[in-house]
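Geometric and topological summary
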Amino acid sequence: MSNIYESAANTLGLFNSLCLAKVELRVTCKGISDRDALSKPDPCVLIKMQSHGQWLEVDRTEVIRSSISPTFSKVFTVDFYFEEVQRLRYELYDISSNHNGIKEADFLGAMECTLGQIVSQRKLTKPLLKQGSTVSKSFIMVTAEELTGNDDYVELSFSARKLDDKDFFSKSDPFLEIFRMNDDDTLQLVHRTETVMNNLNPVWKTFKTSLNSLCSGDHDRPLKCTVWDWDSNGKHDYIGEYQATFKEMRGAMDGRQIIKMHSFLDYIMGGCQIQFTVAIDFTASNGDPHNSCSLHYIHPYQPNEYLKALVAVGEICQDYDSDKMFPAFGFGAQIPPDFKVSHDFAVNFNEENPECAGIQGVVEAYQTCLPKLQLYGPTNIAPIIQKVASSASQEMHTKEAMQYFILLILTDGVITDMADTREAIVQASHLPMSIIIVGVGSADFSDMQMLDGDDGILRSPKGEPCLRDIVQFVPFRNFKHGSPAELAKTVLAEVPNQVVDYYNNKGIKPKVPSEFESSRTFAP
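Analysis parameters
Residues numbered from 1 in each chain as written. Predicted model: local features only at pLDDT ≥ 70, side-chain atom pairs only at ≥ 80, totals over all residues. Heavy atoms only, no water. UniProt positions renumbered as here; feature names shortened; annotations may be inferred. Pairing = 2+ DSSP bridges. Helix = DSSP H or I, 4+ residues; strand = E, 2+ residues; numbered from the N terminus. Axes fitted to C-alpha atoms, helices over the stretch in contact; angles between N-to-C directions. Expected span 1.5 Å × (residues − 1). Buried < 20%, exposed > 50% of the residue type's maximum accessible area, 1.4 Å probe, protein only. Contact = heavy atoms within 4.5 Å. Parallel < 35°, antiparallel > 145°, perpendicular 65-115°, else oblique. Left-handed = near helix turned anticlockwise from the far one by under 90°. Nonpolar A, V, L, I, M, F, W, Y, C, P; charged D, E, K, R; others polar. Salt bridge = Lys/Arg side-chain N within 4 Å of Asp/Glu carboxyl O.

Labelled according to an unreviewed UniProt entry, the protein appears under the name Copine-4 isoform X2, originating from Salmo salar. For the record of the protein, the UniProt heading Sequence similarities (unreviewed entry) holds the text "Belongs to the copine family."

This is how it looks when you write it as structure tokens:
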């Protein structure tokens, strides 16, 4: 069973995508053994990143002379992508003064991990492995910190008095445009207010904008504010303008403060855990698992589409869950001992504890349960959404950013309880929860697109709108000839913003690292 898990996991690679954040990594080593009884080692650490199965050096620390517990001043800056598995390798060498480089240096050990593991723990400590995977007495500690740029937000409010009247039969209809003066003297539009109709003393709505957008973080950068009289034909009449810097504006802000808009990494580094749950379709339309044409057929070497999708998404989410225990459910099958149809049964048949140890544990539970089931139907997914939503609802009442739930639903057909599913999703949109649906096989999934709010706000049968867009649906066939990593990148790309949107809307701030137990144990 592990061979299938490994063959699916090994297909994951790196893709070019939008960088979510930049992370600074700092390195410390402890207890480096003396290879030379007459002198202490001169340590240096190389950092490598895996790309297409190859380890490529991206940077290295300085050499610290005569130290068995070095703290390196070199800071590694790497781009962080939540939706990708970014595999890192740290190699420790003893580079004595008579060596001419790494080739002649003594290898002291290495440590491999993912960037997700580092940022989720903030401080990752692991033993260094020598040649042959022998565990040494030396340890390496990697500390992560988000590299913050001009990501602070400012709240602004503008008003005007005694504006010129540009209309004959009514008063002016003013709106305001704010421009940033670029270094090349061009103007960049920052914000355009709403139009206040028939008013020479307008008060425009308060708005928020980042300091990066407003002034590139330069408080002395000139800003140009222009007021226009709106006309329906688009030929707006110029009323007037003025220039000021943000520093000058801030002096007249009536005590308004710069607002910190928290990032995804603020919450992750503050101890927020991603609770990953998987639900698998066991309806009869998948075909007899003993038949090689079945979507559930277990090939001894080639993982089926269910396994590929599960591993691709699970490999990423597992880095943000400290205990690496994942609930796994099935739906649409008759289950032992009475073989009644269930739409939310535990894949390990332990209803009291449906959790599996790691993604590999989910894979093994899936393969073990298949021969014991009678594939049936219909394809109802509302029960499993409601089950996970029940756990997320309990977390919501804590008023803390400690657990966010991701439900991965793998299904081969159009769902048959669409009304109940819409209702369940709308209710779940109020909770710390996101839903990923992957369509497996060649069915017509056009009706499933409505669950993904990209084309409009999803509403319940009663007309209640989703509070947030929490669903991402993709057909697996779109990625059948590519790497499963591309599938994971697509379905997980929206999750960081969904996490931030939920907590920001609730006014829940991330905990600072000192507020939670930084020494909590993470599973390997």
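1. Brief notes about the sheet that holds strand β14 (residues 237-245)
What the four strands build is an open sheet, ordered β11-β10-β13-β14; its pairing is antiparallel. Each having just a single partner strand, β11 (187-192) and β14 make up the two edges of the open sheet. For this sheet the average axis-to-axis angle between neighbouring strands, irrespective of direction, equals 25 degrees. Note that strand β13 (residues 222-229) and β14 share eight bridges and pair antiparallel. Residue pairing across strands places Trp-228 opposite Tyr-238, the latter belonging to β14.

2. Regarding helix α11 (residues 495-506)
Structural remark: α-helix, 3.6 residues per turn; residues separated by three or four positions point the same way. Over its 12 residues, α11 runs 17 Å from end to end, which matches the ideal 16 Å to within 8%, given 1.5 Å per residue. Among the residues of α11, Val-495, Pro-496, Gln-498, Val-499, Val-500, Tyr-502 and Tyr-503 are the ones counted as buried. Considering only its buried residues, α11 is in contact with α5 (264-269), α8 (382-396), β23 (403-411), β24 (433-439), β25 (471-475) and α10 (484-492). Gly-507 lies just past α11 and shows a positive phi near 70 degrees.

3. As for the pairing of strand β3 (residues 54-60)
Two elements, strand β2 (residues 43-51) and β3, share six bridges in a ladder whose sense is antiparallel. Note on β3: the bridge partner recorded for Leu-46 is Arg-60. Between β2 and β3, which pair antiparallel one after the other, the connecting turn spans two residues, and His-52 there sits at a positive phi close to 55 degrees.

4. Points about unusual backbone geometry
Peptide bonds are, in most cases, trans, and in most cases residues other than glycine have a negative phi. The step from Pro-336 to Pro-337 runs through a cis peptide bond, and the omega angle for that step is 5 degrees. As for its position among the elements, Pro-337 is in the loop between β18 (333-335) and β19 (340-342). Cis peptide bonds are those with omega within 30 degrees of zero, and the linkage from Gly-377 to Pro-378 qualifies with -5 degrees. Within the chain, Asn-198 stands out as a residue other than glycine whose phi angle is a positive 55 degrees. Residue position: Asn-198 is located in the loop between β11 and β12 (207-210). With a phi angle near 60 degrees, Lys-399 is a residue other than glycine that sits in the positive phi range. The topology assignment puts Lys-399 in the loop between α8 and β23. A relative accessible area of 60% places Lys-399 in the exposed class.

5. Examining the packing of helix α6 (residues 305-317) against α10
Taken N-terminus to C-terminus, the directions of α6 and α10 make an angle of 60 degrees; their axes are 9 Å apart at the nearest point. Between α6 and α10, the angle is such that the two are oblique. Pair α6 / α10 crosses with right-handed handedness. Every residue of α10 that contacts α6 at Lys-308, Ala-309, Ala-312, Val-313, Ile-316 and Cys-317 is listed here: Pro-484, Leu-487, Ala-488, Val-491 and Leu-492. Residue composition of the contact of α6 with α10, by class: 10 nonpolar, no polar and one charged.

6. Examining the sheet that holds β19
Taken together, the three strands give an open sheet; going across it, the order is β19-β18-β22, and neighbouring strands pair in antiparallel fashion. Each end of this open sheet is capped by a strand with a single partner; those strands are β19 and β22 (374-375). Summarising the sheet, β18 and β19 pair through three bridges and their orientation is antiparallel. Each residue of the ladder has a partner; that of Gln-334, found in β19, is Val-341.

7. Quick look at the pattern of salt bridges
Here the structure, examined in full by the defined rule, presents 16 salt bridges. Its salt-bridge partner being Arg-87, residue Glu-315 comes within 3.3 Å of it at the nearest N-O pair. Placement of the pair is Glu-315 in helix α6 and Arg-87 in strand β5 (residues 87-94), with a sequence separation of 228 residues. Judged by relative accessible area, which is 24%, Arg-87 ranks as partly exposed. Each of Lys-48, Arg-89, Glu-91 and Glu-112 takes part in salt bridges that share partners, so that together they form one network.

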